[in-house]
Structure formats: C-alpha cells, structure tokens
Amino acid sequence: MEYLQHDEILADRDKIENALEYLLSTGSIVGKPKARQWTFLRASLRRLFAPGEPSAFDGLSAVQAAQLKFEVEDKLRRFYLRPGESVDFVFRLVHKSALSSYAPAVAGVYPALADYCLLIRDIGHDRSIPASDDPSALRPYLERVVSEANDAEFRAYARLPEIDADDLSGWFFPESPAKKEIMNLLSRHQKKGWVICNPLNPSTKRLLDVRVKKIEPNEAVVATTEYWYLRWWDTNEVSYAYSYRETNRQTYILRKDSEGWKVLENLRAMPRTSVPYRWSRRHKR
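Keep in mind that this is a model prediction, so the values were computed, not measured. Every chain's residues receive numbers from 1 upward, in the order its sequence appears when written. Whole-chain, interface and lining totals are the exception, using all residues; otherwise, since this is a predicted model, local features are given only for residues with pLDDT of at least 70 and side-chain atom pairs are given and counted only at 80 or more. Water and hydrogen atoms play no part in the side-chain values, which are based on all heavy atoms of the structure.

## Here's the deal with helix 2 (residues 13-24)
Here comes step 1: Over its twelve residues, helix 2 extends 17 Å from the first C-alpha to the last, a length consistent with the 16 Å expected when each residue adds 1.5 Å.
Here comes step 2: Partly exposed residues are those whose accessible area sits between 20% and 50% of the maximum for their type, while under 20% is buried and over 50% is exposed, using a 1.4 Å probe and protein chains only. A run of DSSP states H or I qualifies as a helix once it reaches four residues; a run of E qualifies as a strand once it reaches two. Both are numbered from the N-terminal end. Turning to helix 2, its buried residues number three or more, namely Ile16, Ala19, Leu20, Leu23 and Leu24. For helix 2, the arc enclosing every buried residue in end-on projection is 130°, short of the 170-degree limit, so these residues lie on one face. Opposite the packed face of helix 2, turned more than 90 degrees from it, sit the exposed residues Asp14, Lys15 and Asn18. To estimate the expected span of a helix, count its residues, drop one, and scale the result by 1.5 Å. Taken from the helix axis, the directions to the C-beta atoms give the arc we talk about.

Following this line, the structure appears as structure tokens:
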C-alpha cells in the first residue's frame, strides 16, 4: 500500500477528485464542506494537479497551517479507522520535512502547499476498511492496522531528535505497553543524541509477513515477520554508536475502541544483535 507517485496521481485525476468530493460530502466527517480546513484540503489536491498555480493559502503562517492540518487529519483518521463503507483512496497531509519518512520515493520532488504535502494511497483493490465485523472482512483491516503501526513506529525513530507522539496515537492505545515502550526508547535516544536522520543513514525496515491468528469481539492477535535495520548515529561523538539489525517474529495484540482497532501490546524476543553494556535489557530497537 505505497503512496502514489505524482505522475500516478495525475493519471488518476478524475477518480481522485471524485473520491475527495465524495468524502467531503459525507456528513459524518464533514459538518461544513466550505469550512477553512476542508478548503485547505481541496487546495492541497489542486496544488498536485497545478503546482505552479497561485493559492490563497500560499502565505499561510506555520501555526495556521499546522492547525488546519491537525483538524483535517483528526477527522480523516477517525473516518478511516471505523468500520463502514469501503473507500478507494486514502488522503493524508504530511509536512514536507517528514516526507521521506512516509514516501521516500517522492521526497524532494513533491508539490507542497503551506509546507504540507497531500499524499494519496490507492486501496480500491485492497478493501482495508471493513463493512462489518465479519472475520473475513476484518482480516485485511487488522493487517492494515498493524502495517500502519509498524510504519508509524519507524517514522517516530526517523524524527529524532524531535519526539512527536501524534502519529503513534492513531495506531496505538494512549497508555498501552506497546506505545510506552516506543516512547521510552525515543526518550532515551533523544537524551543520548542518537538519530537515524543523518545524511546517508541506511536505516530501513520491512514487514515481510503479516497474518491474523485470532479474532474475538474486542481482541485480535496478529503475527508478523519483520526486518529492521536501525543504524544509530551519535550526534555528540559524530560517529555511529550502535546498529540494530534483526529479522524476527512478533505478535501484536489489538483491541477495539470507539474509533476502531489499535495496538495494545507488541510481543517480541530479545534482539540477537550485540547490545552496548549501557543499554538496559528492555531496549528492543
């Protein structure tokens, strides 16, 4: 479920425009279609189709742009996560500074409006959003939740030394063991000055396999095989401090709330990679 390249968006212009207009006509998500945040979303799509065309939002301040982005993302996230009618395209606003964390292949050549880029995924053949609680419909949806949680975790590491928990909140319960473990690691690395965003850093990860093992009314178990390569750069020593390179099996425990399904726990074995003595045994990444 990669984000579309700019040329792919241009090729599917009519379908994408219709998808956005349909979304903006959905009363449960958009109370006032002409509200400023939705006008900004439309203008962001227009920027993709006509990058050189002036926009009323070109002079928007960073604070105002961030607020509009938050309002749009909050509503869209709730809409995409809830069981309901399937959609063909998923829209996401991302600050241009974080673009490479979401879509490495389009970073640096992607149109932006007020420093935000509108990314689009085509899931028309994926049917990730279930129309019911039937297990056959839920399986691809639960797999997507784990995949998105996986992506959000990697992006959190890539944003260091900045710590931003908002992205994680869409896929992890706020006070869950899984989220606390990630936040603890982010905090420790921030204090040590460790990052993976230095130039030419080779860090990457892949979700090699994901399978739903059990589905109950309010809990599900999803097993994965994952490859993680995190090469941590010490900004104080100006050298690489530690490399985490593992292919392992992990188990995700998901729970359901009013917004949909989220990760509660992530169970995985201790890394085989040699860990510096000063690391506690709870460090996983």
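We are not done yet, so read on.
## Structural notes on the packing of aromatic side chains
Here comes step 1: Between rings of Phe, Tyr and Trp, where Trp is taken as its six-membered ring, a pair exists when centres lie within 6.5 Å; planes separated by under 30 degrees are stacked, by over 60 edge-to-face, and by other angles tilted. A complete count under the given rule lists five aromatic pairs for this structure.
Here comes step 2: Look at phenylalanine 40 and phenylalanine 57: their rings are 5.2 Å apart centre to centre, the planes differ by 70°, and that puts the pair in the edge-to-face class. Here phenylalanine 40 is found in helix 3 (residues 36-49), whereas its partner phenylalanine 57 is found in the loop between helix 3 and helix 4 (62-81), with 17 residues between them in sequence. Exposure class is identical for phenylalanine 40 and phenylalanine 57. Each is buried.
Here comes step 3: On the numbers, 6.0 Å between centres and 75° between planes, the contact of tyrosine 157 with tryptophan 232 is edge-to-face. Of this pair, tyrosine 157 sits in helix 6 (residues 135-159) while tryptophan 232 sits in strand 5 (residues 219-234); the two residues are 75 residues apart in sequence, bridging distant segments of the chain.

## Overview of the confidence of the model for the protein
Here comes step 1: The pLDDT value tells you how sure the predictor is about a given residue, anywhere from 0 up to 100. Averaged over every residue, the pLDDT of the protein is 85; the share at 70 or more is 84%.
Here comes step 2: Any two residues whose heavy atoms approach within 4.5 Å at even a single point are treated as in contact. This stretch, residues 125-129, has a pLDDT under 50; its non-local contacts, to residues over four places away or in other chains, come to 19 contacts.
Here comes step 3: Long-range and interchain partners of residues 274-283, a stretch whose pLDDT sits below 50, account for 15 contacts in this model, where long-range means more than four residues apart.

## A closer look at the side chain of serine 203
Here comes step 1: Turning to its location among the elements, serine 203 is positioned in the loop between strand 3 (194-195) and strand 4 (204-215).
Here comes step 2: Counted as a polar contact is a pair of N or O atoms within 3.5 Å, where, for protein atoms, one must be capable of donating a hydrogen and the other of accepting one, and residues adjacent in sequence contribute only when both atoms are in side chains. For serine 203, the side chain forms a polar contact with the side chain of asparagine 201, separated by 2.5 Å.
Here comes step 3: There is a polar contact of 2.8 Å between the side chain of serine 203 and the backbone nitrogen of arginine 231.
Here comes step 4: Here serine 203 is in contact with Phe154, Ile196, Tyr229, Leu230 and Arg231, once residues within four sequence places are set aside.

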